[in-house]
Amino acid sequence: MNDLRILRDRQWAGRNSLDNELGGDGVTGSAAMLAQTTTMKTYPSSASAFYAIVPCDVDGPETEGAAASYVPRSGSTSFAINLGSQIPPVGTMVVCHAVGGRWCFRYDG
């Protein structure tokens, strides 16, 4: 096992322990976030790869039929692996789920 994986596992265990102490019930689901794919150096040329992502917030009036807008959080870039079969275009909005200490999303076109 490499050092980065060990650190990720320890961080996950610490967050999980803290979450369980603060909540009354056990874990009922996985963490999820809305994110936008972006380019840091070179955008991936295959579907099954890690993509740079920027977490986003959803904004807009909370009324039926109103359009939502997505606001990227500045200064916060992470990486997520695409489990789908297609390469998402740069700027694609994706829903990422935390799986085993890593962010994952699925883009099939």
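Some thoughts on the confidence of the model for the protein
Next up, step 1: Averaged over the protein, the pLDDT score is 87; the fraction of residues at 70 or greater is 87%.
Next up, step 2: Ranking the elements of the protein by mean pLDDT puts helix α1 (residues 3-22) last, at 76, and strand β4 (residues 78-82) first, at 96.

Focus: a nonpolar patch on the surface
Next up, step 1: Among the surface-exposed residues, M40, F50 and F79 lie close enough to one another that they form a single nonpolar patch of about 320 Å² accessible area.
Next up, step 2: You can see M40 is positioned in the loop between β1 (32-38) and β2 (50-59).
Next up, step 3: Classification of M40 by relative accessible area gives exposed; the value is 53%.

Here's the deal with the environment of A49
Next up, step 1: For A49, the location among the structural elements is in the loop between β1 and β2.
Next up, step 2: The class for A49 is buried, based on a relative accessible area of 15%.
Next up, step 3: Separated by 35 residues in sequence, A49 and G84 have C-alpha atoms that sit 9.7 Å apart.
Next up, step 4: Residues contacting A49, with those up to four places away along its chain left out, are P44, A80, I81 and N82.

Thoughts on the pattern of salt bridges
Two side chains carrying opposite charge are able to pair once their charged atoms lie near each other.
Next up, step 1: If you walk through the whole model with that rule in mind, you get 3 salt bridges.
Next up, step 2: With its nearest N and O atoms 3.1 Å apart, the salt bridge here joins R73 to D57. Note that R73 is positioned in the loop between β3 (69-72) and β4 and D57 in strand β2, a separation of 16 residues in sequence.

Comments concerning the packing of aromatic side chains
In this description, a pair of aromatic rings is defined by centroid distance and the angle of the planes.
Next up, step 1: Using the criterion set out here, one finds 2 aromatic pairs in the structure.
Next up, step 2: When the centroid spacing of 5.3 Å and the interplanar angle of 65° are considered together, the rings of Y43 and Y51 count as edge-to-face.
Next up, step 3: On the basis of relative accessible area, Y43 is assigned to the buried category, the value being 19%.
Next up, step 4: Both rings, one in Y51 and one in F105, keep their centres 5.9 Å apart while their planes meet at 70°; by these two values the pair is edge-to-face.

Parameters at a glance
- Residues numbered from 1 in each chain as written.
- Predicted model: local features only at pLDDT ≥ 70, side-chain atom pairs only at ≥ 80, totals over all residues.
- Heavy atoms only, no water.
- pLDDT = per-residue confidence, 0-100.
- Helix = DSSP H or I, 4+ residues; strand = E, 2+ residues; numbered from the N terminus.
- Patch = residues over 30% accessible without salt bridge, like charges linked within 9 Å, V, L, I, M, F, W, Y side chains within 5 Å.
- Areas by Shrake-Rupley, 256 points an atom, 1.4 Å probe, with all protein chains shown as cover.
- Salt bridge = Lys/Arg side-chain N within 4 Å of Asp/Glu carboxyl O.
- Buried < 20%, exposed > 50% of the residue type's maximum accessible area, 1.4 Å probe, protein only.
- Contact = heavy atoms within 4.5 Å.
- Phe/Tyr/Trp six-rings, centres within 6.5 Å; stacked < 30°, edge-to-face > 60°.

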